[in-house]
Amino acid sequence: MALVMAAGLKGDTAAFDLAGPAVEVKVTRGGRTLPVAEAPELEAGDRVWLRPVMPEGQSARYLLVTVFLQGPTNPPPEDWFTRAECWNKEVRAHGVTVTVPEGAQQALLFLAPETGGDFRTLRATVRGKPGVFVRVSQDLNQASRDRMRLNRYLSELKKGAGEDEKALHERAVLTARSLNIKLDSQCFDKPSEQQAPCLMQNLDQMVLDDGQHQTMVASLTSGAASDLITQLTVTPTAGAGYFSPYVGAFIDLARLLDSFRTAQYQYSPALGLAEGDKLGLRLNNAPSFRKPETVLAAALPPVGDRGLPVMRAPEGKREYCMDKPELVLPVEGAPLVYGTEMGHDFMLRVQMKTGQTVELPAKPEPGKGGFAIDTKGLPGGGVDAGVGGVLKGSWGYEEFEGPSFRLRSAQAGGWTVKDKTALVVGRTDTLRLEGAGAACVERVELKDGAGKAIGTTWRAAEGEGIDVEAKLKDMAPGPVTVEVKQYGLKEADEVRLRAYAEAGKLKQFTLHAGDRVGVLEGTRLDEVARLELKGVEFRPGVLERVGGEDELKMAAEGTAGGLGPETGLTAQATLKDGRTEEAPAVVGEARPRLKLLSKSVDRAGAGQAIRLGDSEELPLSGKLTFFVKSEGAPFARTEKIEVGTEDGALRVMLGVGDGSLVMQDASTVRGVLDPMKSFGASGFGPLRFRAVRGDGVEGEWQGLATLVRLPELKEVRCPDSADKPCELVGTELFLIDSVAADPRFQTAVAVPEGFSGTSLSVPRPNGTLLYLKLRDDAAAVNTAVLAVLPEP
């Protein structure tokens, strides 16, 4: 037998695009029957009903042969082969039922033309080399799942074919992310009419890992199998390199099965695309009815538990409005949920204010990047703020829970304004509104005192807030009304404010000797074009609103080294309209400057099994010793070094007086930082340091290290079976972001948020080596060397 490929197939032609026959398949377990599309795997004892779907007037007679396999080294018993005559009226009307035997691991079905000794020949061939057919089952199964994801991707893009560029871009990005499809971003650089066709090219190279198994392409383009594919794809017979790995994988199977070719039969692979209770077969080339006749080989769902999909909410702290008509909850990490029907009967479980628990239908929508929730059946009364809604569903016969989401209902009123003087006419200003109903905002409008609409855009802000951008360029000072309309409420909330006319006023320009950047204080500083002080010209940078006034950073063009400490100066400012104004100026003493000479880490405490992959990482349980040198002036004994996190939430002062700083000489100082003592168990992230003079003048921040917390890893326990995952045993495992058996994290396992267990399912280690990323610094790849023990 040989697995036949179309010799003329090129990389720009879609493989397996010939529609073949279909087989109706249903699986019954424990009295419950599911269509084949909703059955990701089989179990021993399952009753599988099959009925071939042949067109009326089918002239060729086919045998439907069902085979169960028990691994590559054990030939299946003869009674594990079941034959059914597709031309038999009883079979065509009522089908045939087979039971999955105990010990079965894979399942195949064959459609074989009727010939003398056909069934015996097929059975002898499979029993002669079962390992080849085990691989056929595995590869066809995975390839079928990959193809269904691709088909869903194409279906979503076709829905957006008439959309504008922005909508198509959003749909394509969300669909690709949901289905784990590699998107060609260069397609969006093309004219709008060419974008959708571009996104549908090179499909067989776009499938990435489905989150539960390696894709067919990945598994067959790594290791020994890749050598055969590489050789084939550069030969003239194989199209001189035009074959993709997707097609090359089947060429590999063809070579493996070529020794089985007989005068009667040649075997051709068929992808089984499950939809409802039909397993539609897709062929790569037309079957032959001349000797050797073509036998179609397709895979049934694998036998045995393959695990549940791991779905995660990418925006865990965000709130979602239950009153929104088209509520979509973003979910990532489970492309098979979006691309197949294996996950089904999804619901969102919500507890109402009344105490009633309701379940709302949820539907996976890859084009929207999440699950669309049908809120029509939501009873009145609403939900409490921040109540957790849990996404639940079924994976085959097993019910499982997905991520939880923070939900709320619309709440009228209660809006506050952070800065009531933020609206200044003559420019575009941003207004921060805060209120409990921020998640439910449908639209925001601004109107002047006469009721005329003001150009407005808005966006959600962190926490319970929205940022409203008001275009006040042509508006006169006066009253302003902000109307905030929420989903589920008939009337809009009104917030009454005033837009102010602010006269330009330059309060003071402050610069420290040796700095290039100074700060201009005043009002209407957006109109400043440049500033000159003692022959040095400064250009405007970042404008900030602080305490009801503007602060504008001004950067010198070139160097400002000629400006020494001096008071009573006057700077000349030029406005954008050409006017000039004077501003008082002060050049203060030079800021203290430090140069980091060296640093070292003393590891102690938790995480001794972990080897950090980034020299910049500092364990929370360790100690950091560093040397700095003062530049420009000696290091005074009253001077301190401040160390803190980038967000400014955690800070500590190191000084000579408490012994945390030790002077080597007048300029060089050693510092010792104990992160656990200084910041506590919740300290993490990038650290920075700066000098602080005795009179309070602060130097510039500089990077110091990245603070990370380490879990305590004990051991890895692995079962005898190489295809089953291992268990990582330890404490504080929630500090891990993901674990993999390879440095590229191609088989990574993500640790869920809020994980409280002491063991975690991980890939089988590479010897005693695991690769992990820490939640405090997910960009760095670290290693852990652990004892690998047999599973108890």
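Residues numbered from 1 in each chain as written. Predicted model: local features only at pLDDT ≥ 70, side-chain atom pairs only at ≥ 80, totals over all residues. Heavy atoms only, no water.

(A) How the structure looks around helix α4 (residues 165-179). Here α4 is 15 residues long and its end C-alpha atoms lie 21 Å apart, about the 21 Å a rise of 1.5 Å per residue gives. Where α4 is concerned, the buried positions are L168, R171, A172, L174, T175, A176, S178 and L179. After α4 finishes, the residue N180 shows a positive phi value of roughly 55°. (Helix = DSSP H or I, 4+ residues; strand = E, 2+ residues; numbered from the N terminus. Expected span 1.5 Å × (residues − 1). Buried < 20%, exposed > 50% of the residue type's maximum accessible area, 1.4 Å probe, protein only.)

(B) Examining helix α3 (residues 130-159) more closely. Its 30 residues give α3 an end-to-end C-alpha distance of 44 Å, which sits within 8% of 44 Å, the value for a rise of 1.5 Å per residue. In terms of residue burial, α3 counts as a mostly covered element, since 22 of its 30 residues are buried.

(C) Region of interest: the sheet that holds strand β43 (residues 712-718). Strand order in the open sheet made by the 4 strands is β47-β44-β43-β50, with mixed pairing throughout. For this open sheet the edge positions go to β47 (759-762) and β50 (788-790), each flanked by a neighbour on one side alone. Ignoring which end each strand starts from, the neighbouring axes of this sheet average 30° apart. Here strand β44 (residues 726-731) runs beside β47; their pairing, made up of 4 bridges, is antiparallel. Across the sheet, L728 pairs through a bridge with L760, a residue of β47. (Pairing = 2+ DSSP bridges. Axes fitted to C-alpha atoms, helices over the stretch in contact; angles between N-to-C directions.)

(D) Representation of the packing of aromatic side chains. According to the stated counting rule, one finds 7 aromatic pairs in the structure shown. Both rings, one in F110 and one in F133, keep their centres 6.2 Å apart while their planes meet at 75°; by these two values the pair is edge-to-face. In this pair, F110 is assigned in strand β7 (residues 106-113) and F133 in helix α3, connecting sequence segments 23 residues apart. The same class applies to F110 and to F133, which are both buried. With a centroid separation of 6.3 Å and an interplanar angle of 45°, the aromatic rings of F626 and F689 are classed as tilted. With F626 in strand β36 (residues 623-631) and F689 in strand β41 (residues 685-692), this pair connects stretches of sequence that are 63 residues apart. (Phe/Tyr/Trp six-rings, centres within 6.5 Å; stacked < 30°, edge-to-face > 60°.)

(E) Expanded view of the confidence of the model for the protein. On average, residues of the protein carry a pLDDT of 83, and 87% of them reach 70 or more. Long-range and interchain partners of residues 1-14, a stretch whose pLDDT sits below 50, account for 45 contacts in this model, where long-range means more than four residues apart. (pLDDT = per-residue confidence, 0-100. Contact = heavy atoms within 4.5 Å.)

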